[in-house]
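What follows is the residue order along each chain.
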Amino acid sequence: MAFSIALRSAVTLIIGSSFASAAFAGGLDRGGYDIDLLFDKGRYVFESGVTYVMPDRKLKNAKDINPADGNLNNRSRSTDASENYAIPYAAFKIGITDDLDCMADYSQPFGGHLNEGANWAGANNETEVKVRTNNYSATCSYKFDAGPGQLRLIGGGFYQEVSGYKSRLVYATPAPISAIYNGMGSLDIDGHGWGWRAGIAYEIPEYAFRTSLVYNSRVKYDNLKGSVDLTEVPPPVVPGFGGKVTSVFGSADAPDSLEWKVQTGIAPDWLAFGSVKWTNWSVLQSIALCPSSTRSISCKASGPTELTSLDLLYKDGWTITGGVGHKFNDKWSGAVSLTWDRGTSDGYGMNSDTWTLGAGVAYKPTEHVQFNFGGALGLMTSGKSGPVTRGGVVYGNDATYSFGNDLVAALQTSVKVSF
């Protein structure tokens, strides 16, 4: 059937264009989890690729509103906040039997990198923050006949590592003390945890129809550990901790998510596709870090032993994508997609709504090799950040700033080999 041919040739295009679009979604999302290779018709399939993202978020109208850290309003009111980043991906799928398929993959589903520098008026909020995850997963599916098509049951698990870094100006030390202490403080943390996934899919190959619903669990980082470096902060500014390095501990959750996908043939060699994803970013509010010497006491936000915190204050994220794919001939296929992602910031931070146009082409020179090239151009909408109250605690009372409509671009390339 022509629809079935369109599905087999265009499915990788769809992955490429939508993956590039989602690589700068809300929260710390860098594309989330991808198990689409599990549906590939090949017996043995290897795929590897990378997405390079180039955001251009600019902050403006910055103002220091906390005089306790020293007056920073003589510094620049604007700064370039974002850094470019690359997202690698590799996966291998094997058809164990005609009905049982399994895959293993490596990805970096969550992350972020902002680098505002120390010369802006909001340096007391942050000067740089970096988060990275490494995810190793195994997923299997079993399919059986059901009505005109096949029902597929999906299950798997994953191990995830996380590391994070944040620096900020704790105190703007005046001369001549600034010759000894520059006032900068930093936090380094890392941790790991386990998660699982479960889902269901239904396929009617005759019409190139497939729909799937997959849930990915939270990952509990119950063992976060690291250090707070205040060696550049005069000891009296942070009594007991200034002028030295302190080991810290804490806990956090990576969010769970639920994603529904659908695609179907709409004409010979034409395919329509769409997806809706909910991500539980609201589990990340204020992550408390406490001195390791206080492990006998519960470490919680605004608790008596909190030394510092990572304040995110996210709300849940929603990502909606729609598009079409087309097979031009036996070697070339293409796809375009439009994605809307609801920003996760709610009065604090810079994760606003994003609209993204993605496109990709696939070139298949032989029956067993396929090259994929994709790109995306997006608009990060405007907003502002300032003090907000959560649970009776005021956050963001160190600096305010705003941001306009900024552009973000991404390039994606991958290769798939089946045998």
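All figures in this text were calculated on a predicted structure; none of them were measured in a lab.

Quick notes on the overall build of the chain
Within the chain, the secondary structure is distributed over 1 helix and 25 strands. Over its C-alpha atoms the chain spans a radius of gyration of 24 Å, differing by no more than 12% from the 22 Å that the globule rule assigns to 419 residues. Along the first, second and third principal axes, the C-alpha set of the chain runs to 80 × 45 × 35 Å. Put simply, 70% of the contacts in the chain that link residues at least 6 apart link residues at least 24 apart. Accessible area of the chain: about 17,800 Å², with a carbon and sulfur share of 59%. Side chains of the chain give 35 positive and 40 negative charges; the mean places of these two sets differ by 1 Å.

A short note on the side chain of His113
Looking at the secondary structure, you find His113 in strand 6 (residues 111-114). In this structure the side chain of His113 is engaged in a polar contact, spanning 2.8 Å, whose partner is the side chain of Glu128.

Things to note about the environment of Asn74
Topologically, Asn74 is positioned in the loop between strand 2 (58-64) and strand 3 (79-80). For Asn74, a relative accessible area of 67% puts it in the exposed group. For the pair Asn74 and Ala121, spaced 47 residues apart in sequence, the C-alpha to C-alpha distance is 7.2 Å.

Focus on the state of the cysteines
The final tally for this structure, using the stated rule, is 2 disulfides. Disulfide pairing places Cys102 opposite Cys140 at an S-S distance of 1.9 Å. Because the torsion about its S-S bond is 110°, the bridge between Cys102 and Cys140 counts as right-handed. Of this pair, Cys102 sits in strand 5 (residues 100-107) while Cys140 sits in strand 7 (residues 128-146); the two residues are 38 residues apart in sequence, bridging distant segments of the chain. For Cys290, the disulfide goes to Cys299, at an S-S distance of 2.1 Å. An S-S torsion of about 90° defines the bridge between Cys290 and Cys299 as right-handed. This pair shows no difference in class: Cys290 is buried, exactly as Cys299 is.

Comments concerning the pattern of salt bridges
In total, this model carries 16 salt bridges according to the counting rule given. Across the pair Asp29 and Lys277 runs a salt bridge, and its minimum N-O distance is 3.2 Å. Here the residue Asp29 occupies a position in the loop between helix 1 (2-22) and strand 1 (44-55), and Lys277 occupies one in strand 14 (residues 270-279), the gap between them amounting to 248 residues. Note on Asp29: relative accessible area 5%, which makes it buried. Among the salt bridges present, the one from Lys93 reaches Asp101, with a minimum N-O distance of 3.3 Å. On the accessibility criterion, Lys93 (1% relative accessible area) is buried. In this structure Asp101 comes out as buried when scored by relative accessible area, which is 5%.

Considerations on the sheet that holds strand 3
Judged by pairing direction, the sheet is antiparallel, and its 4 strands sit side by side in the order 3-2-24-21 without closing on themselves. Every interior strand has two partners, whereas the edge strands, strand 3 and strand 21 (383-385), have only one. When strand 21 meets strand 24 (residues 399-403), the two strands line up antiparallel, connected through 3 bridges. Its bridge partner lying in strand 24, Ser385 is registered against Tyr401.

Section: the nonpolar core
With 25 residues, the main nonpolar core has Leu187, Leu284 and Ile287 as its most contacted residues. With sequence-adjacent residues up to four places away left out, Leu284 is seen in contact with Ala252, Asp253, Leu312, Leu313 and Tyr314. Membership of the second largest hydrophobic core comes to 12 residues, among which are Leu72, Trp120, Leu169 and Phe403.

Structural notes on the environment of Arg218
Here Arg218 lies in the loop between strand 10 (209-216) and strand 11 (219-229). Between the C-alpha atoms of Arg218 and Gly193, which are 25 residues apart in sequence, the distance is 9.3 Å. A distance of 3.3 Å separates a polar atom in the side chain of Arg218 from a polar atom in the side chain of Asp253.

Criteria and cut-off values
- Residues numbered from 1 in each chain as written.
- Predicted model: local features only at pLDDT ≥ 70, side-chain atom pairs only at ≥ 80, totals over all residues.
- Heavy atoms only, no water.
- Helix = DSSP H or I, 4+ residues; strand = E, 2+ residues; numbered from the N terminus.
- Rg over C-alpha atoms; globule rule 2.2 N^0.38 Å.
- Contact = heavy atoms within 4.5 Å.
- Areas by Shrake-Rupley, 256 points an atom, 1.4 Å probe, with all protein chains shown as cover.
- Lys, Arg positive; Asp, Glu negative; His and termini not counted.
- Charge placed at Lys NZ, Arg CZ, Asp CG, Glu CD.
- Polar contact = N/O pair within 3.5 Å; in protein donor to acceptor, adjacent residues only side chain to side chain.
- Buried < 20%, exposed > 50% of the residue type's maximum accessible area, 1.4 Å probe, protein only.
- Disulfide = S-S within 2.5 Å.
- Salt bridge = Lys/Arg side-chain N within 4 Å of Asp/Glu carboxyl O.
- Pairing = 2+ DSSP bridges.
- Core = buried A, V, L, I, M, F, W, Y, C linked by side-chain atoms within 4.5 Å.

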